[in-house]
Amino acid sequence: MPVDPNSAIEVTAYRWVPEMARGFVKDMRVRWALEEIGLPYRVRRVSGAGGEKSPEHLADQPFGQVPVLREPGLSLFESGAILVHLGGKDERLLPLDPAARARAISWVFAALNSVEPITQALMLTRRTSEGQPWQAEAIAAMRPFAEQRIARLAAVLGQSEWLEGRFTIGDLAMADVLRAVPDAELLAGHPNLAAYVDRATARPAFQAAMAAQLADFDAEPV
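A few points on the structure. (Residues numbered from 1 in each chain as written. Predicted model: local features only at pLDDT ≥ 70, side-chain atom pairs only at ≥ 80, totals over all residues. Heavy atoms only, no water.)

What to know about the sheet that holds strand 3 (residues 68–71)
At step 1: The four strands are arranged 2-1-3-4 in an open sheet whose pairing can be described as mixed. Single-partner strands in this sheet number two, and they are strand 2 (42–46) and strand 4 (74–77). Taken pair by pair, the neighbouring strands of this sheet meet at an average axis angle of 25 degrees, ignoring direction.
At step 2: With two bridges joining them, strand 1 (residues 10–14) and strand 3 adopt antiparallel strand pairing. Paired with Glu 10 across the bridge in strand 3 is Arg 70.
At step 3: On top of the sheet, helix 1 (residues 27–37) reaches strand 1, strand 2 and strand 3; it is set at about 145 degrees to strand 1, its chief contact. (Pairing = 2+ DSSP bridges. Helix = DSSP H or I, 4+ residues; strand = E, 2+ residues; numbered from the N terminus. Axes fitted to C-alpha atoms, helices over the stretch in contact; angles between N-to-C directions. Contact = heavy atoms within 4.5 Å.)

In structure tokens form, the structure reads like this:
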């Protein structure tokens, strides 16, 4: 499904980020969800992660981040909240059964609150403290917590294809977090998780969302 400049749904994205961040900016999650349910969207590009933010963008996102989802009557920020909102539009993202729906939403929270903070801290420590004498000690201190979270997630998934028996926004969020894990050894010890990420990222909707995000970085600034 191509990006449609005439769509009523708008997603914000950065005009520029460093090469290492391309494909990992969090508007990917929203693009992916929209692709899964076939909803067209337009893109509004804003200044990069470290750039000055316009009053318009800060009115939508008080921290100046992306993504923001705009549609008639609503402006919504935070990728997890947007995923839950989009899930409410189509049962392909969220089951209709109340218990299954609640479980899927709980996995979104788990991805963003229990797994991502520690894996992201590892990533930032590796990338922003290169050459610092305390880097190795900091990574060594954080790594056991990351290993524990990954191991417990692997145990829950077991040999299942998805976390709750079928693909939901919980899997979308969790797979997007896991694919950004900076230390390959964290997943290498858990083949079921590595296969889980491979299944998720092989989905046509993910591939389309990735192509769209990368194309925006290649586009001329607007």
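Let's talk about helix 9 (residues 204–218)
At step 1: An ideal rise of 1.5 Å per residue puts 21 Å on 15 residues; helix 9 measures up with 21 Å between its terminal C-alpha atoms.
At step 2: Lining the buried residues of helix 9 we find strand 1, helix 1, strand 2 and helix 8 (191–201). (Expected span 1.5 Å × (residues − 1).)

Observations regarding helix 8
At step 1: Buried within helix 8 are the following residues: Asn 192, Leu 193, Tyr 196, Val 197, Ala 200 and Thr 201. Down the axis of helix 8, the buried set is contained in an arc of 165 degrees. They therefore lie on one face. The exposed residues of helix 8 that point more than 90 degrees off its buried face are Pro 191 and Asp 198.
At step 2: The secondary structure elements touched by the buried residues of helix 8 are helix 1, helix 5 (135–157), helix 6 (169–178), helix 7 (184–188) and helix 9. (Buried < 20%, exposed > 50% of the residue type's maximum accessible area, 1.4 Å probe, protein only. Arc of directions from axis to C-beta.)

Nothing here speaks to function; it is geometry throughout.
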